[in-house]
Amino acid sequence: MATGRTHRPATRSRGIPEATVARLPLYLRALTALSERSVPTVSSEELAAAAGVNSAKLRKDFSYLGSYGTRGVGYDVEYLVYQISRELGLTQDWPVVIVGIGNLGAALAGYGGFASRGFRVAALIDADPAMTGKPVAGIPVQHSDELEKIIDEDGVSIGVIATPAGVAQQVCDRLVAAGVTSILNFAPTVLSVPDGVDVRKVDLSIELQILAFHEQRKAGEESNADTDAADADTATAATPPAPRGATGGSRKGPDGDVPAVMPA
């Protein structure tokens, strides 16, 4: 099996837009669920709904892969799983090193989705000597002094940073210097990397803050709606009754509508 250090996905060289690349894992997740249920084919509308995008965008994305489906039949699920997996590089072996084995790092080490998607956790690294040799998710933790040696021996090209913010940049620099070219950053800080190194940042607090913004906005809209309704009720109650026979501030006279109140 090929390793990540010597074989990289060809998405950029083939001109696939980054927005399309970002949606491919969504399609793959939906297709994998269909495959597990032994569904042979799927329409663009059904797959788009499962992935949370519109069908026109899905068809455009798949056109970059050279996959157009069959009219009246749809897309072959198993073929699409293979095609997208290959495009994302998931048919290869990608050794991953996780640096920082606190609560988050330990949880990541035990995440079963890595292995099922082609990512092999090659090593767990921590700077705390008390952690050295301690098994986490069946993998013994190694001291950070061994980082460069591990990256070289295992051909690691993807590093996961789950350290405190204060040391994340230092860890990043060591990873890059040792040959790591892709980093998944869970530390709450922005990393500086040279050209040719890709960084994906995962910040749970930011995601929660965005959700809080939307919750506050929804609460404000409900409050405004209640206020508008109350104002309307108050205005209705405060409006004096129209004079008898008046309609819309006027009454019928022999020559048509005349003002309800005539000038003196």
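Refer to the structure printed above.
Residues numbered from 1 in each chain as written. Predicted model: local features only at pLDDT ≥ 70, side-chain atom pairs only at ≥ 80, totals over all residues. Heavy atoms only, no water.

Caption draft 1: Molecular detail of helix H4 (residues 77–88). For H4, spanning twelve residues, the distance from its first C-alpha to its last is 16 Å, which sits close to the expected 16 Å at 1.5 Å a residue. Residues Val77, Leu80, Val81, Gln83, Ile84, Ser85, Glu87 and Leu88 constitute the buried set of H4. In this fold, the buried residues of H4 make contact with helix H1 (18–36), strand E1 (41–42), helix H2 (44–51), helix H3 (55–65) and strand E2 (75–76). Taking the backbone nitrogen of Glu78 as reference, a side-chain oxygen 3.2 Å away marks Asp76 as the first, capping residue of H4. Phi turns positive, to about 85°, at Gly89, one or two residues after H4. (Helix = DSSP H or I, 4+ residues; strand = E, 2+ residues; numbered from the N terminus. Expected span 1.5 Å × (residues − 1). Buried < 20%, exposed > 50% of the residue type's maximum accessible area, 1.4 Å probe, protein only. Contact = heavy atoms within 4.5 Å. Polar contact = N/O pair within 3.5 Å; in protein donor to acceptor, adjacent residues only side chain to side chain.)

Caption draft 2: Representation of the sheet that holds strand E5 (residues 135–136). The strand order across the open sheet formed by seven strands is E5-E6-E4-E3-E7-E8-E9, and the pairing between neighbours is mixed. Because the sheet does not close on itself, it has two edges, and the strands there are E5 and strand E9 (198–201). In this structure, strand E3 (residues 94–99) lies alongside strand E7 (residues 158–161), joined through four bridges in parallel fashion. Bridging from a neighbouring strand, Val96 pairs with Ile158 of E7. The strands touched by helix H7 (residues 147–154) within the sheet are E3, strand E4 (119–126) and strand E6 (139–143), with E4 carrying the most contacts at an inclination of about 165°. (Pairing = 2+ DSSP bridges. Axes fitted to C-alpha atoms, helices over the stretch in contact; angles between N-to-C directions.)

Caption draft 3: Here's a closer look at the packing of H1 against H4. Look at H1 against H4: their axes get within 9 Å of each other, and the N-to-C directions meet at 145°. Seen along the crossing, H1 lies across H4 with a hand that is left-handed. Seen from H1, the contacting residues are Val21, Leu24, Pro25, Tyr27, Leu28, Leu31, Thr32, Leu34 and Ser35; seen from H4, they are Val77, Glu78, Leu80, Val81, Ile84, Ser85, Glu87 and Leu88. Of the residues assigned to the contact of H1 with H4, the class counts are twelve nonpolar, three polar and two charged. (Left-handed = near helix turned anticlockwise from the far one by under 90°. Nonpolar A, V, L, I, M, F, W, Y, C, P; charged D, E, K, R; others polar.)

Caption draft 4: Seen up close, the packing of aromatic side chains. All chains considered together, the criterion is met by three aromatic pairs. Here Phe62 and Tyr75 contribute two aromatic rings whose centre-to-centre distance is 5.1 Å and whose plane-to-plane angle is 85°, an arrangement assigned as edge-to-face. Note that Phe62 is positioned in helix H3 and Tyr75 in strand E2, a separation of 13 residues in sequence. The same class applies to Phe62 as to Tyr75, namely buried. Judged by centre distance (5.3 Å) and plane angle (80°), the rings of Tyr111 and Phe114 are edge-to-face. Residue Tyr111 is classed as exposed on the basis of its relative accessible area of 51%. Here a set of aromatic residues connected by ring pairs shows up, and it is made of Tyr27, Phe62 and Tyr75. (Phe/Tyr/Trp six-rings, centres within 6.5 Å; stacked < 30°, edge-to-face > 60°.)

Caption draft 5: Examining the nonpolar core more closely. In terms of nonpolar packing, the biggest core is built from 23 residues, with Tyr27, Leu31, Val42, Leu47, Leu58, Phe62 and Ile84 touching the most fellow members. Mapped onto this core, the elements with two or more residues apiece are H1, H2, H3 and H4. Tallying contributions element by element places H1 first for this core, with seven residues. One finds Ala123, Ile151, Ala168 and Cys172 within the second-largest nonpolar core, a separate group that totals 19 residues. (Core = buried A, V, L, I, M, F, W, Y, C linked by side-chain atoms within 4.5 Å.)

Caption draft 6: Representation of the environment of Ser67 within the structure. Tracing the backbone through its elements, the reader meets Ser67 in the loop between H3 and E2. In this structure Ser67 comes out as buried when scored by relative accessible area, which is 6%. It is 8.7 Å that separates the C-alpha atoms of Ser67 and Gln83, two residues lying 16 residues apart in sequence. Ignoring anything within four residues of it in the chain, the contact list for Ser67 reads Phe62, Tyr75, Leu80 and Gln83.

Caption draft 7: Here's a closer look at the pattern of salt bridges. Applying the stated criterion across every chain yields a total of six salt bridges. A salt bridge links Asp203 to Lys201, with the shortest nitrogen-to-oxygen separation between them at 3.7 Å. With its nearest N and O atoms 2.8 Å apart, the salt bridge here joins Glu215 to Lys218. One end of the pair, Glu215, and the other, Lys218, are both in helix H9 (residues 204–238), three residues apart, so they sit about a helical turn from each other. (Salt bridge = Lys/Arg side-chain N within 4 Å of Asp/Glu carboxyl O.)

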